[in-house]
Every structure is written in C-alpha cells, then in structure tokens.
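# Breakdown of the fold
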Amino acid sequence: MKSVLFLSGKGGTGKTSLAGAFAALSENKVLADCDVDAANLHLLLDPTMEEKGDFQGSSEAVKDEAKCINCGECRRVCRFHAIDEQFNIDPYLCEGCGACVYVCPTDAITLSPRISGQWYTASTRHGPLASAELYPGEETSGKLVTLVKQKAHTLAKEVNAERLIIDGSPGIGCPVIASATGASAVILVTEPSLSGLHDLERILGVVTHFRIPAYLVVNKFDLNEEMTAQIEVFAKERELQMIGRIPYDPSVPKRMIEGKSAVEDTQSPAGAAMREIYARFEKEIQ
Amino acid sequence: MRITIASGKGGTGKTTVATNLAIAVSDKFSVQFLDCDVEEPNAHIFLKPQIEHTRSVEKLLPEVDEELCTRCGECAKACEFNAIAIIGKKILVYNDLCHGCGLCKMVCPTGAISEHPHELGVIETGTAHGFLFSRGLLNVGEAMSTPIIHEMKEMIAPKHLTIIDAPPGTGCPTIAAIKDADVAILVTEPTPFGLHDLQAAVGVARSVEVPVFVVINRDGIGDDHVERYCEQEKIPVAMKIPFAREIAKLYSQGTSLVDALPEWKERFEALYRYVASSPARQGEADSDVAGERHTQGTTLRDTKGGAK
C-alpha cells in the first residue's frame, strides 16, 4: 500500500479539496484526516460513524490544596510558567512533565490523565475514513495524528487497501511532522501569491528533511499568472516536480456546500484539472 | 489593548485583516504588531518591516555522560514524553520529543545528565509603517512552536494597541496567541469548511473567555450559514470583505488593501472602533483603549454595524 499526503504550509490553499478529489477518484483506498485541529475532509464524504474513542494525549498536574504547604518548590522547577505566585496550576500552560510532582515535599501534586480529543472511524461514500477532533487548546496534536494514522492503517489491512489518502494540516510543526513520517509521497498544494511561495519554501524544507518524494500543484493559478510562473521557476530550481495547475472556479465552493468534490461535477473546470492531476500522480508512483 | 486575529481554518485571511487593521489605525494609535503564526509567518510580506535585531528561542536538551551513567533507567522512567530510552548499553535522547522540562536531570542519581540549549527558532524585531513589529520564526524541521509564542507574548509593550496574528487551528499554539487578549477577531469564509472551523475557533476563544467578533472574507463565494450561525450564537459580524479578483491580486503581490485602495482605510478604522467599543467589552475601563496618540473628539461608541 502506498500513502499520499497532502500538505501546503500555508492554510486554505485547497489541500482538502484535492484530497477529497483523490478520495472520489481512487479505488480501493482508505482515507485519513490528519488535520486534527480543523478536520474538514468528512464534510465532502457523508460519513456514517463506525467506532470512536477518547484520546488521552498527555497528563496534567493537579494539586491537593489540603496537602500544599505553599513552599514554592513546584513554581521554582516549572519551566512552562504554569504555576503562578499563589501556586495555582494553569492547565493551558501545564505540559504534564511531572517535575513539580517530583519536587513536592508533601506529595500534594499528582499527574492526572487528560482527555485531549476523540478519534473516530467512519464509513463514507468514498471508502473508510479515520479522523479525529482535538479539543480546544490541547497540545498533543502530533500524538493524535499518529493515532489517526494507526487507525487508518488498521482499516487498510481490513479491506486490503492499495492507497492511503492523508489530508494534512497547515504549518510546518508538530502535526505536520507527525503526518509526514512514513508517507510514500507528498503533494504540496500552493496558491500563486507571495505568501504561498514563502510558505511553500518552508514546507518543502520539512519534506526534503524527511526525504519524501514531493509533487507540486498550483491551485487558483489564474488569479495571478505571473506569480504562478515564479512558483514554477522556484519548483524547477529545487527539483520539485509540478503535476498540475487548477483554475479558479466558483463551482468548487458550490459543490462543497452540496457536500461534494469538484470532480463529481462534470462541468467544473477545476474538477477536470483535478482528474488530470490524479491520473498523472498515479502514473508517477506506479 | 490587545486584539488577536485568529481562525480555525487556515488561509481565510487572518494576515489580511491583521496587517490592514494595523496600518489603518497606526496614525492614531501606538501600534505593536506580533506575527505569532511562527510556522508560516506572512505579515512581513505586507508590512515590509526593517528588522533591527534577531534573537534565538531555545529549549534545553539533556546530554548524558556515558562514563557517569550507570544505565539505571531512572531518567527514562521519569520522562513523560518518552524522550529518553535505554536499549542495552545505549542511551538514546529523542530531541523532537523532549520538552526541555529538566526532570531527567533532577532524577539522575549520578549527575550524568547536563543540559544544553537547542535553538527552536528566532524572534525578529524592528519597525514597519512607523510601528513596532516582531515576528517569530520556527526553524524548519522543529516541531514545537508554542515556546516561541510564549516568548513573544512576554514582549507585549504597555500602552500600545497590540495586534497579534495567530496561527491557524485550535491547538496549543493558537490558544497561546488568543489567551489574555481583550478581543479575538475570527476570520472565516462563507463555506462549510469555513463554518466548521469557525465553530471550533469560537470554542477556543470561549474556553479562555475572550470576546469574539467575526470577519467574513471572500463574502459571496458560498452560502449564508456562517451568518446564521453568528446570529444564533450572538456573535457580531464586524466586517465582510467581498471576493473580488482585484483584492485577490493585491494580496498575491503582497500589497495591502489599505495602501492600494483608500476606502479600505476607513473600513478598517471602523472595524477597530466597532470591536473596541463593543458591548462585549463593556465594564472594562475606558482607559484600556490603550495607545491613543491624541485625545479623540468623539467617543468610541458603536455606530451600529459600523464596519459593514
């Protein structure tokens, strides 16, 4: 089985729209939405929930006021500024490292497991999906991404899938790195703007760092064709292979409102471009 | 006053709103701009700052002295992040997993562990359009962006109108950027993806009790579900930016709307007045409208739907 991961650096460039197109076109596949902060792929798939569970990402320090003698040792060792002058623990700042637990002379602090989100699997009109939802402000998105990938791999074994289609998150940090490990290929989706190019350069750095073969798609290329040309020059210099351009097409959000991918609309110019990209990519990774 | 511009979904126009707002009000207020989208910061493209200094943001990584280490395994047992493992005689430290908490050093009975700074990224500081500008930049290949955002928040200047460009999402980097703000402006687009992620972003802002306003960008491309949601949740829609090829083109070239199209200066000033004077913020001291360069003749009251 080969896995293809959609990344972009910059958000909102069309990762999920293209991943949704691949989901519709690909046969014998499993889908994973690893954008656990803002998972959207299911909105194109009409999912039916199969299984779900709590995700215990990390722990947090909890203090027993009755035992606390206000000695301040915990505050002294905490490197995350999570303990204030009155020795209250801020759950948003606490990283659950346990240093305070170790130094507390009266055993007033314990680490308690924290439910940071939920994972789920679903059957959809385009195949099985593994996805998740991270609760607001939680920090263990990398671990949840890894869990979603594990669930997807289990689903893939059950159906003997040949493709795993993974929708990634924006940025270059923790969840992106977690989604990139083990991917067979990455499709980078960018847009013709200075921001798009700037962010592409940084995400390409990450992908190169992990030595994953990468391909480039410029979405909404006709909104600024000079920038598109500039991006293509950049891609050439960096030996990043272009596998397609998608035109700006108002029918993309219209189909999204219907819960569909643009490739399910035979009239859509963007849908036609996505079909070409899919065909080219399939040839590439054979 | 502190205004954070955030969104659940990426690419909805956070940076557009943050940079235009900063430029539009910078003749009336002492503005400080913090680009906290440290994974992919873009505000500099529009603000074109002069960077005056750069400093490093580090975390401390453990280093084990193989001679002093007895392979007792206490460090590996204590580490909550599985960042240290002992396999046979080998000691492995996984830099990406390490949070730099220092617990391994504390528990080591033979003093075999020392700590050394490791750079996560940098913070660049300078000026743009006559106001203070800083941006965080996570090094490529590093996973942890939150410590950079925390350090940037330490730089918040008193008596300034601080505008924070937040990272997308709902996780800890985003909450670090939203927490302690007086107001969060959530930028979204009128599509199912935009709505879904807006709901998550509202959850984030509410979890840290920050009043929220919504800006709908690319208005006209989708449907009215975002507005209906805002109405239901009593969240004021403070501004709508239409989808127009002209606007998209300006954005793509790194030109701010306020600089290119004068009418947008007024609209972003109105956006500021609207969020600064909103009932959601009533009860807070008026002097909190910090950083005013001169006493204004008019009070900052909401002129209904001011910015629309």
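Located above this text is the structure these notes cover.
The model shown is predicted, which means the values in this text are computed figures rather than measured ones. (Residues numbered from 1 in each chain as written. Chains lettered and ligands numbered in written order. Predicted model: local features only at pLDDT ≥ 70, side-chain atom pairs only at ≥ 80, totals over all residues. Heavy atoms only, no water.)

## Focus on the overall build of chain B
For the record, the criterion: Helix and strand definitions follow DSSP, with helices as H or I runs of at least four residues and strands as E runs of at least two, each counted in order from the N terminus. Three exposure classes are used, based on accessible area relative to the maximum for each residue type with a 1.4 Å probe and protein chains only: buried under 20%, partly exposed in between, and exposed over 50%. Residue contacts follow a heavy-atom distance rule, with two residues in contact if any of their heavy atoms lie within 4.5 Å. Note on areas: Shrake-Rupley, 1.4 Å probe, and residue coverage restricted to the protein chains presented here. Counting rule applied: Lys, Arg positive; Asp, Glu negative; His and chain ends not counted. Just so you know, the charge point we use is NZ for Lys, CZ for Arg, CG for Asp and CD for Glu.
Each helix and strand counted, chain B has 11 helices and 11 strands in total. Across its three principal axes, chain B shows a C-alpha extent of roughly 70 × 40 × 40 Å. Across the 308 residues of chain B, 60% fall into the buried class. Expressed as a percentage of contacts within chain B between residues at least 6 apart in sequence, the contacts between residues at least 24 apart total 76%. Accessible area of chain B: about 12400 Å², with a carbon and sulfur share of 50%. Taking the 31 positively charged and 42 negatively charged side chains of chain B as two groups, their mean positions are separated by 3 Å.

## What to know about empty space enclosed by the protein
Selection criterion: Of the grid points, spaced at 1 Å and generated over the protein atoms alone, those admitting a 1.4 Å probe that cannot get out make up cavities, while open sets with protein on both sides within 12 Å along at least five of seven lines make up pockets; any residue with an atom within 4 Å of a point is treated as lining. Grid points are joined across faces, edges and corners, and a volume is the space filled by probe spheres set on the points. Classification convention: Asp, Glu, Lys, Arg as charged; Ala, Val, Leu, Ile, Met, Phe, Trp, Tyr, Cys, Pro as nonpolar; all other residues, Gly among them, as polar.
A complete count under the given rule lists 7 cavities of 30 Å³ or more for this structure. Along the wall of the largest cavity there are 35 residues; nearest its centre are A:Gly12, A:Gly14, A:Ser17, B:Lys9 and B:Glu189. Breaking the lining of the largest cavity down by element, the ones donating at least two residues are helix 1 (15–25), helix 8 (251–257) and helix 9 (269–284) of chain A together with helix 7 (192–207) of chain B. In the lining of the largest cavity, the residues fall into 14 nonpolar, 12 polar and 9 charged.

## What to know about the state of the cysteines
Cysteine pairs can be linked by a disulfide, which is a covalent bond between their two sulfur atoms. Note the cut-off: Only a pair of cysteine sulfur atoms within 2.5 Å qualifies as a disulfide here.
Evaluated as defined, the whole model comprises 0 disulfides over all chains. No disulfide involves A:Cys68; its sulfur sits 6.4 Å from that of A:Cys74, the nearest cysteine.

## As for the sheet that holds strand 1 (residues 2–7) of chain A
All names here are of chain A. What counts is decided by this rule: At least two DSSP bridges between two strands are needed for those strands to be called paired. A fitted line through C-alpha atoms represents every axis, and for helices the fit uses only the stretch in contact; the resulting angles, taken between N-to-C directions, go from 0 to 180 degrees.
Judged by pairing direction, the sheet is mixed, and its 9 strands sit side by side in the order 3-4-5-2-6-1-7-8-9 without closing on themselves. Of all strands in the sheet, those bounded by a partner on one side alone are strand 3 (48–63) and strand 9 (241–246). Strand-to-strand twist across the sheet, computed as the mean angle between neighbouring axes with direction ignored, equals 20°. Pairing geometry for strand 2 (residues 29–33) and strand 6 (residues 163–167), over 5 bridges, is parallel. The partner of Leu31 across the bridge, within strand 6, is Ile165. Lying over the sheet, helix 4 (residues 141–159) contacts strand 2, strand 3, strand 4 (109–124), strand 5 (127–134) and strand 6, oriented at roughly 165° with respect to strand 5. Packing of helix 9 onto the sheet brings it into contact with strand 1, strand 6, strand 7 (185–190), strand 8 (214–219) and strand 9, and relative to strand 9 it is tilted by some 160°.

## Regarding the sheet that holds strand 1 (residues 2–6) of chain B
Residues and elements named next belong to chain B. Taken together, the 9 strands give an open sheet; going across it, the order is 3-6-7-2-8-1-9-10-11, and neighbouring strands pair in mixed fashion. Every other strand in the sheet has two partners, leaving strand 3 (50–64) and strand 11 (237–242) as the edge strands with one partner each. For this sheet, the mean angle separating the axes of adjacent strands, direction not counted, is 20°. Pairing analysis gives 8 bridges linking strand 6 (residues 113–128) to strand 7 (residues 131–138), with the strands arranged antiparallel.

## Quick notes on the pattern of salt bridges
Residues and elements named next belong to chain B. Applied cut-off: Salt bridges are identified by distance alone: a Lys or Arg side-chain nitrogen within 4 Å of an Asp or Glu carboxyl oxygen.
In total, this model carries 26 salt bridges over all chains according to the counting rule given. Note that Lys153 is salt-bridged to Asp180, the shortest N-O span being 3.5 Å. Here Lys153, found in helix 5 (residues 146–153), pairs with Asp180, found in the loop between helix 6 (172–178) and strand 9 (183–188); they are 27 residues apart in sequence, far enough to count as distant. Assessed through its relative accessible area of 16%, Lys153 is described here as buried. Where Arg228 meets Asp224, a salt bridge forms, and the shortest distance between an N and an O atom there is 3.3 Å. Residue classification places Arg228 among the partly exposed residues on the basis of a relative accessible area of 47%. Shared partners join several salt bridges into a network, and the residues in it are Asp27, Lys28, Lys265 and Glu269.

## A few points about the packing of helix 6 (residues 194–209) of chain A against helix 7 (residues 225–237) of chain A
Residues and elements named next belong to chain A. Quick note on the threshold: Throughout, the term roughly parallel applies to angles under 35 degrees, roughly antiparallel to angles over 145, roughly perpendicular to angles from 65 to 115, and oblique to all others. Should the near helix be turned anticlockwise from the far one by less than a right angle, the crossing is termed left-handed; should it be turned clockwise, right-handed.
The contact between helix 6 and helix 7 brings their axes to 10 Å, and the two run at 15°. In terms of their interaxial angle, helix 6 and helix 7 are classed as roughly parallel. As helix 6 runs across helix 7, the sense of the crossing is right-handed. For the pair helix 6 and helix 7, the contacting residues are Leu194, Leu197, Leu200, Glu201 and Leu204 in the first and Met227, Gln230, Ile231 and Phe234 in the second. Class assignment for the residues of the contact of helix 6 with helix 7 results in 7 nonpolar, 1 polar and 1 charged.

## Topic: the interface of chain A and chain B
So the rule is basically this: Throughout, the accessible surface (probe 1.4 Å) given up by two parts as they are put together, summed over both, is called the buried area. What qualifies as a polar contact is a pair of N or O atoms within 3.5 Å, subject to a donor-acceptor requirement within protein and to the restriction that residues adjacent in sequence count only when both atoms come from side chains.
With 61 residues of chain A at the contact, the number on the chain B side is 61 residues. When chain A packs against chain B, the two sides together hide about 4900 Å² of surface, and 59% of this comes from carbon and sulfur. Looking only at chain A, the three residues that lose the most surface to chain B are A:Arg79, A:Tyr92 and A:Arg202, adding up to 12% of its buried area. Where chain A touches chain B, the interface holds 3 salt bridges. In this structure, A:Arg202 and B:Glu40 form a salt bridge, with 3.4 Å as the shortest nitrogen-oxygen distance. On the surface where chain A and chain B come into contact, there are 29 residue pairs in polar contact (both at pLDDT 80 or more). Elements represented by at least two residues in the side of chain A that touches chain B include exactly helix 1, helix 3 (99–103), helix 5 (174–180), helix 6, helix 7 and helix 8 of chain A. Counting residues per element, the side of chain A that touches chain B draws most heavily on helix 6 of chain A, which supplies 8 residues. A breakdown of the residues in the side of chain A that touches chain B according to their chemical character gives 30 nonpolar, 18 polar and 13 charged.

## Here's the deal with helix 1 of chain A
Extensive coverage of helix 1 of chain A is indicated by the burial of 9 of its 11 residues. Among all positions of helix 1 of chain A, only A:Lys15, A:Thr16, A:Ser17, A:Leu18, A:Ala19, A:Gly20, A:Ala21, A:Phe22 and A:Ala23 are buried.

## Structural notes on the nonpolar core
Threshold: Side-chain atoms within 4.5 Å are what join buried Ala, Val, Leu, Ile, Met, Phe, Trp, Tyr and Cys residues into a set we call a nonpolar core.
Counting 83 residues, the largest nonpolar core has A:Leu188, A:Ile203 and B:Leu186 as its most contacted members. Of the residues forming this core, the biggest block, 7 residues, is contributed by helix 4 of chain A. Dropping the residues within four chain positions of it, A:Leu188 is found in contact with A:Leu7, A:Leu200, A:Ile203, A:Leu204, A:Val207, A:Ala214, A:Tyr215, A:Leu216, A:Val217 and A:Leu240. One finds B:Ala24, B:Ile247, B:Leu250 and B:Phe268 within the second-largest nonpolar core, a separate group that totals 40 residues.

## Examining the packing of aromatic side chains
Using the following cut-off: Centres within 6.5 Å are what make two rings of Phe, Tyr or Trp a pair, Trp counting through its six-membered ring; a difference in plane orientation under 30 degrees is then read as stacked, over 60 as edge-to-face, and the rest as tilted. Look at NZ for Lys and CZ for Arg. If either is within 6 Å of the ring centre and within 35 degrees of the ring normal, a charge sits over the ring.
Enumeration over the complete set of coordinates arrives at 10 aromatic pairs over all chains. Judged by centre distance (5.6 Å) and plane angle (90°), the ring pair of A:Tyr215 and A:Phe281 falls under edge-to-face. Note that A:Tyr215 is positioned in strand 8 and A:Phe281 in helix 9, a separation of 66 residues in sequence. On the basis of relative accessible area, A:Tyr215 is assigned to the buried category, the value being 8%. Using a relative accessible area of 0% as the deciding quantity, one classes A:Phe281 as buried. On the basis of an interplanar angle of 70° and a centroid distance of 5.9 Å, the ring pair of B:Phe213 and B:Tyr274 is categorised as edge-to-face. Of the two residues, B:Phe213 is situated in strand 10 (residues 212–219) and B:Tyr274 in helix 11 (residues 263–276); the sequence distance between them amounts to 61 residues. Across this residue pair, the class does not change: B:Phe213 and B:Tyr274 are buried. Sitting over the ring of A:Trp119, A:Lys151 keeps its end group 3.9 Å from the ring centre.

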